[in-house]
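# Coordinate analysis (summary)
Chain by chain, the residues run as shown.
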Amino acid sequence: MIVRVATYHALQGKDVEKWMETSASELRGVKGVRRVEFFRNQSDPSQFGAIMQFRNKADLDNYKEGQTGPYQRLVRSVRETWSDNSKPVIEQIYEILDI
């Protein structure tokens, strides 16, 4: 299993949680996505993120590679509307080990 964790900082005054609510069903419907959870940083309430689980690396790659798919639309929406682009967007990819 592959876990993708992405974090970003929201622009002040933006209703990011509303955006997450409207985006959740689209993300959860993407082929290969096993689970999606959204979060807000307790020590920095302007920082939000998502934890996504994929069956394997190929599913993650397929999700990210589509030029007009959900990933591209959501990234564009975050960058153009919600994200404070003066702060970094951080993406980390983990493999869950069968140990």
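Whatever comes next refers back to the structure up there.
What comes next is a walk through the structure. Chains are numbered independently. Their residues run from 1 in the order of the written sequence. Where totals are concerned, whole chains, interfaces and linings use all residues; where local detail is concerned, this predicted model gives features only for residues with pLDDT of at least 70, and gives and counts side-chain atom pairs only at 80 or more. Water and hydrogen atoms play no part in the side-chain values, which are based on all heavy atoms of the structure.

### Details of the pattern of salt bridges
Counted as salt bridges are all cases of a side-chain nitrogen of Lys or Arg within 4 Å of a carboxyl oxygen of Asp or Glu. Under the definition given, this model contains six salt bridges. Among the salt bridges present, the one from Asp59 reaches Arg55, with a minimum N-O distance of 2.7 Å. Classification of Arg55 by relative accessible area gives partly exposed; the value is 44%. The closest approach of N and O atoms between Glu91 and Lys64, which form a salt bridge, is 2.8 Å. With Glu91 in strand S4 (residues 90-95) and Lys64 in helix H2 (residues 57-65), this residue pair connects regions lying 27 residues apart in the sequence. With a 1.4 Å probe rolled over the protein chains alone, any residue whose accessible area is under 20% of its type maximum counts as buried; one over 50% counts as exposed, and the rest are partly exposed. Put simply, DSSP marks the helices as runs of H or I at least four residues long and the strands as runs of E at least two long, and each gets a number from the N terminus on.

### Focus: the layout of surface pockets
The probe, sized like a water molecule, is rolled over the atoms to show the empty space still left. With a 1 Å grid laid over protein atoms only, a set of points is called a cavity when a 1.4 Å probe fits there but cannot get out and a pocket when it is open yet has protein on both sides within 12 Å along at least five of seven lines; lining residues have an atom within 4 Å of a point. Grid points are joined across faces, edges and corners, and a volume is the space filled by probe spheres set on the points. Size it by volume and the largest pocket reaches roughly 380 Å³. Forming the boundary of the largest pocket are 21 residues, of which Arg4, Ala6, Val75, Val78 and Val89 lie nearest the centre. Listed by contribution, the elements that provide at least two residues to the lining of the largest pocket are strand S1 (2-9), helix H1 (16-28), strand S3 (47-54), H2 and helix H3 (70-82). Residues are grouped as follows: Ala, Val, Leu, Ile, Met, Phe, Trp, Tyr, Cys and Pro are nonpolar; Asp, Glu, Lys and Arg are charged; every other residue, Gly included, is polar. Of the residues that constitute the lining of the largest pocket, the class distribution is 14 nonpolar, three polar and four charged.

Everything listed here is a matter of coordinates, which is why it stays silent on function.
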